[in-house]
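What follows is each chain in one-letter form.
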Amino acid sequence: MKAARSGNDIVHLEAVSVDRLQTIYEKGRRSELTCPICGSLLKLHIGIHEPPYFDHSFPSPDCERAILESAPQKITGVSVDSQEHSGFRLPKGKVIRESVQQEGPFMQSMPIKGNPAFLEKLLIERSIEDTYLTLLEEHGVTLDEQQMAAATAIEGPLLVLSGAGSGKTRVLTVRTAYMITVRKVDPKTIMLVTFTAKAAKEMKERLLSYPGISASAVNQLVSGTFHSVFYKILIFHEPEKWQRNLLIKWNWEKEKIVKNAGRDYGLDEKEFAYDSALQQIGLWKNSLLFPEDIKPIDDWEIACAYLYKKYEEYKQKTMMYDFDDMLVGCYSLLKSRSDLLEKYKRRFQYFLVDEFQDINKVQYELIKMLSSGSNNLCVVGDDDQAIYSFRGSDPSFILHFEKDYPAVKIVKLTENYRSAHEIVATANRIIKGNQSRMDKAMRAQHNFSEPAVLFFPYDEELEATMIVTDIQEKVALGARPSDFAILYRTHSMSRAIFERLAASSLPFVIDQDAESFYERRIVRGMLAFLRLSMQPQDPRAAAAILSPLFLKQNVLQEMKAQTILRDCDFIDTFSFVKTGLAFQERKLKALPAKIRSLRNVKPIIALEIVEKDLGYQDFVKKRGTEGNIEKGSDDIRDLKVAAKQFETIGEFLDHADHMIGMNKEVKQLSKHFTDAIQLTTIHRSKGLEYKTVYVLSAVEGSIPHDFALDSYRKGDVVPLEEERRLMYVAATRASLGLYFSIPQTRRGKKAFPSRFLKFY
Ligand SMILES: Nc1ncnc2c1ncn2[C@@H]1O[C@H](COP(=O)(O)OP(=O)(O)OP(=O)(O)O)[C@@H](O)[C@H]1O
C-alpha cells in the first residue's frame, strides 16, 4: 500500500523524498500511521528487495483499490476535506506533496551483474593414491587434487596459497595426520603455529576425530600461537626472567606506564592518543626496531619514540614484560645462544605456519632461524587476506617467500568450498584490482545462490532499517539469526544498526570491547554540554565540559565554591571563573546564556551551537584526535546524524543513556547467545563464515577508508590495497547471500560508491 494517514496529512510514498522515509518509518513504529480508508494501524516497510510500502495487516478490498489507484500526481498538492476517487471518498487530509526533487526518490537495489558463468568442475584423475587418505575420505574428509598435494608434500619448503574458503584448515590437519600416521613422523618434532589459540584448539579437536590419531600423539604436538609456543621456550630456559606474575597483560596497564612517562614530557593525559602510541610502539617492536633504532619523522613519532624508550626502561627496572617481549625475548635468546638454537633446530623437524600472510618480522625471523636446519617449512596463507599491517604484519613475507626459499614448492588452493559462484566471482573481481598480489582466481564449487546485491539507502539510519527488515523477513521464512553477519570497517559505524537491532526482537551479539557510540570520548564531551543545559546543578556535567573549554579540572573546586557563595547553578559559575587570560574570561562570561539556550532548541541545532559557537570544533582539532583511523570530527558528524531523529534534548539524552545501558546488556548476553546475529568489524570476521553477510557503507571514505585515500593521493598505494583486501575478506565470509550497502549520504554529506565495487 502506498499511502497512509499521519495526523491530518496523507502521506503518499511516491511523492515522499527519500530523506523522510526514516521519519515516516519511526511514526509507524510509534503507531502514528493509519490507513486513510479504514483507519487500521500501518507500518512502513523498507526492505532491500522491493520499494517501500505501508504494511496493512488485513486490508479490505476498498482500502487496496482506493489506495492503489490514488496515484500521487493526481492528488498531490490538494488540500481537501474529502476527495472522490474511483468511486471512493478519501477522508479529510492534506496530501503531503514533498520535495521528491529535493533528495530524489527511493533507489531500487540491484544485483551485481556481469560475472562469468558458473563452470561445473571437471572431475580430474587423481594423481595421488594413498590408503590413509582413502580412509579419511570414508570418514567424510575428502580432499581435492590441490589439497592432497599440499597435505602430502612434507619435505622441503612449501608455500600453500590458500584462497578464501579453500579448506586450509582441512589441509593443515590432514597434513599433520598424514605425517604422523603414514610418514611416521614423531609428533614431538612438529611445530604447528596458528594465529589464534582457538584455531589451534579446533585443529587438535579435528585431528582427534581422524583415524589412527591418538590423544597422546595430539598432546605431543607443539602447537599454539607464536606467543604461547615461544613463551614456553623462554620460561623453560629463563624462568627467573619471565615470571608469570610480572606479565603486563592488559592495555590499561601499559597505558598507565606510558601516561606516567608522558606527564614528564608534557603530554596531556586526556588529549594525547596514548592508545595509538602504544600501537606504534608495538609495531616498532615487532619489526625488531628498538628505541635506539627509531628515526622519528614528525612530532608524533618523536613523542612515541620518547614513550617507547621510557616504557622499555620501566620494564627493565621492574623486570616486567609484555606479550611483544615474549617474541623479541625468544629471538634474542636464540640469537645469543647458538647451543640452544642448535638444540631446537634438531628438536623441531617440521614446521607448519597458518595465516602466514599476517606474520610480522620477529615471527618470521624466529621461524626462519629454527627451520634453517631441516628446511621443512610449510606455510599456509592467502596474500589477498593480509589485513593486519597496522599491527606490524607484513604481506611481503608471503609475497617474497620464494626469494628466501628458492627451492620452494608452491601449491595454490583455488577451489572455494564455502561460497556460491556469484559470491566467489564478485570477490574475484574485487581483488583483481590489486597490483601487489599473486595471480590467482577462486572457483566456486556450487552455484546455489542469487547474485550479490547492491542497495542504496538514503543514509546510515535507513541502511540500518533496511538490513533489519531484510533479516526479519528471512527469519520469518526460517533462517536462523546466527546465519547473519553485519560487517563494518570501523566499530563507530555500527551505531545505527545497533540501535535498530536493539529496538527489534532479534537476538544479536557484539564484540566484548565494543564501546557504546555515546561513550566515545568526543561524543561524551559534546553531550555533556547538552546535559548541563538540562541539569545545571550537575557537577559531573560541568566537569565534563572543562577540557573542551580549555579549562583545568581544578577549576571545578572554584565553581563548586561559587555555587554555594552565590547560590547559583554550575552554568552561572562560568562567568566568574578566573583564568588570567582576558580573552578567555570574556568568552566565559558569554557562556551561561549560550548553554542555557541549548535546552530550548532541537538536538541537531544544539549540537551545531556546541560545535561552532562554543568552540568544540577547535577543541577536537587541537587535541590531536584527527589521527589515522578514528577522527574526532567524524564522531561529531555521526552524532549529528543520530540527533536528527529527535525533537527535544531530553528525548535525545534519554535515548543516548538507554543505548549506553543496552550496550552493556548486549555484551553480557553476547557471552551466552549462540544463535544470534553477529555485528563485528571486518577484521574480526576473518576466518569465519555466515550464510548471509551485509557490508555497511561500502562507500568512498569508509571502505576504502579516508586515511588510505589520503595516502593514495600522496602516491602511496599500499594502504589502499589493504583496504581492497578488507573488502575481499568481507565478501568471502558469505556462503549464500552478500549485500553491499551504498548509502547516498554518509555523515551528512553526499557519498560515492566504493571504488572497489565500480564494476557494476
Ligand atoms: N575438499 C573439500 N570438500 C568439501 N568441503 C570442503 C573441502 N575442503 C574444505 N571444505 C569446506 O569448506 C569450508 C571452508 O574451509 P576452511 O574454513 O578450512 O577454509 P579456509 O581456507 O580456512 O577459509 P578462509 O581463509 O576464507 O577463512 C569449510 O566448511 C570446509 O569444511
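Up top is the structure.
Residues numbered from 1 in each chain as written. Predicted model: local features only at pLDDT ≥ 70, side-chain atom pairs only at ≥ 80, totals over all residues. Heavy atoms only, no water.

1. Some points on the overall build of the protein
Scanning the protein for helices and strands turns up 33 helices and 26 strands. Here the C-alpha radius of gyration of the protein, 30 Å, is about what a compact globule of 760 residues would show, namely 27 Å. Considered along the principal axes of its C-alpha atoms, the protein spans approximately 90 × 75 × 45 Å. Buried residues in the protein amount to 57% of all 760 residues. Long-range contacts, defined here as pairs at least 24 residues apart, represent 76% of the contacts in the protein between residues at least 6 apart. Roughly 33900 Å² of accessible area belongs to the protein as shown, and the carbon and sulfur atoms make up 53% of that amount. The centroid of the 105 positive side-chain charges in the protein is displaced by 2 Å from the centroid of its 102 negative side-chain charges. (Helix = DSSP H or I, 4+ residues; strand = E, 2+ residues; numbered from the N terminus. Rg over C-alpha atoms; globule rule 2.2 N^0.38 Å. Buried < 20%, exposed > 50% of the residue type's maximum accessible area, 1.4 Å probe, protein only. Contact = heavy atoms within 4.5 Å. Areas by Shrake-Rupley, 256 points an atom, 1.4 Å probe, with all protein chains shown as cover. Lys, Arg positive; Asp, Glu negative; His and termini not counted. Charge placed at Lys NZ, Arg CZ, Asp CG, Glu CD.)

2. Some points on the site of the ligand
As a structural note, the neighbourhood of the ligand is formed by 18 residues, with Gln147, Gly165, Lys168, Arg418 and Arg733 the closest of them. Taking Gly165, its main chain carries an N or O atom lying 2.8 Å from an oxygen atom of the ligand. Tyr417 is positioned with one of its side-chain polar atoms (N or O) 3.5 Å from a nitrogen atom of the ligand. Burial of the ligand by the protein chains amounts to 81% of its free accessible area of 640 Å². At the level of secondary structure, the elements contributing two or more residues to the shell around the ligand comprise helix H7 (168–181) and strand E17 (415–420). The element that contributes the greatest number of residues to the shell around the ligand is H7, accounting for three residues. Along the lines of polarity and charge, the residues of the shell around the ligand split into three nonpolar, nine polar and six charged. Composition of the shell around the ligand by domain shows at least three residues from each of domain 2 (144–239 + 327–413) and domain 4 (453–512 + 671–757). (Near = heavy atom within 4 Å. Polar contact = N/O pair within 3.5 Å; in protein donor to acceptor, adjacent residues only side chain to side chain. Nonpolar A, V, L, I, M, F, W, Y, C, P; charged D, E, K, R; others polar. Domains from an automatic or database assignment.)

3. Topic: the packing of helix H22 (residues 521–534) against helix H27 (residues 603–613)
One can describe the packing of H22 onto H27 by two numbers: an axis separation of 10 Å at closest approach and a directional angle of 115°. It follows that H22 is roughly perpendicular to H27 by the angle criterion. Handedness of the crossing formed by H22 with H27: right-handed. Together, Met526, Phe529 and Leu530 of H22 and Ala606, Leu607, Val610 and Glu611 of H27 make up the contact between the two elements. (Axes fitted to C-alpha atoms, helices over the stretch in contact; angles between N-to-C directions. Parallel < 35°, antiparallel > 145°, perpendicular 65-115°, else oblique. Left-handed = near helix turned anticlockwise from the far one by under 90°.)

4. Focus on the sheet that holds strand E20 (residues 484–488)
In space, the seven strands of this open sheet follow the order E10-E19-E24-E23-E20-E22-E21, with mixed pairing throughout. Lying at the two open borders of the sheet, with one neighbouring strand each, are strand E10 (107–111) and strand E21 (508–509). Two elements, E20 and strand E22 (residues 677–681), share four bridges in a ladder whose sense is parallel. The residue of E22 that forms the bridge with Leu487 is Thr680. (Pairing = 2+ DSSP bridges.)

5. Some remarks on the pattern of salt bridges
If the charged atoms of two oppositely charged side chains come close together, the side chains can form a pair. In this structure the tally under the stated criterion is 52 salt bridges. For Lys285, the salt bridge is made with Glu312, and the minimal N-O distance between the two is 2.9 Å. In this pair, Lys285 is assigned in helix H12 (residues 274–286) and Glu312 in helix H13 (residues 299–318), connecting sequence segments 27 residues apart. The closest approach of N and O atoms between Glu689 and Arg418, which form a salt bridge, is 2.7 Å. With Glu689 in the loop between helix H31 (682–685) and strand E23 (690–695) and Arg418 in strand E17, this pair connects stretches of sequence that are 271 residues apart. Given the relative accessible area of 52%, Glu689 is considered exposed. On the basis of relative accessible area, Arg418 is assigned to the buried category, the value being 14%. What emerges from the salt-bridge pattern is a single network uniting Lys168, Asp354, Glu355, Asp358 and Lys686. (Salt bridge = Lys/Arg side-chain N within 4 Å of Asp/Glu carboxyl O.)

6. Describing the packing of aromatic side chains
The tally for this structure, following the rule as stated, stands at 24 aromatic pairs. Seen from their ring centres, Tyr616 and Phe619 are 5.3 Å apart, and the 50° between their planes marks the pair as tilted. Of this pair, Tyr616 and Phe619 both sit in helix H28 (residues 616–622), three residues apart, which is roughly one turn of the helix. With a relative accessible area of 5%, Phe619 lands in the buried category. Here a set of aromatic residues connected by ring pairs shows up, and it is made of Phe356, Tyr364, Phe397, Phe401 and Tyr405. Sitting over the face of the ring of Phe517, Arg495 holds its NZ or CZ atom 5.9 Å from the ring centroid. For the cation-ring pair, Arg566 lies above Phe576, with the distance from its terminal atom to the ring centre recorded as 3.7 Å. (Phe/Tyr/Trp six-rings, centres within 6.5 Å; stacked < 30°, edge-to-face > 60°. Lys NZ or Arg CZ within 6 Å of the ring centre and 35° of its normal.)

7. Things to note about unusual backbone geometry
Among all residues except glycine, the phi angle is most often negative; among peptide bonds, the trans geometry is most common. Omega for the bond connecting Ile703 with Pro704 falls within 30 degrees of zero, at 10°, which places this linkage in the cis form. Structurally, the position occupied by Pro704 is in the loop between E23 and helix H32 (706–713). With phi around 60°, Leu288 is a residue other than glycine that occupies positive phi space. Residue placement: Leu288 occurs in the loop between H12 and H13.

8. Describing a nonpolar patch on the surface
Together, Tyr712, Val717 and Val718 make up an exposed nonpolar region whose accessible area comes to about 260 Å². A relative accessible area of 55% places Val718 in the exposed class. (Patch = residues over 30% accessible without salt bridge, like charges linked within 9 Å, V, L, I, M, F, W, Y side chains within 5 Å.)

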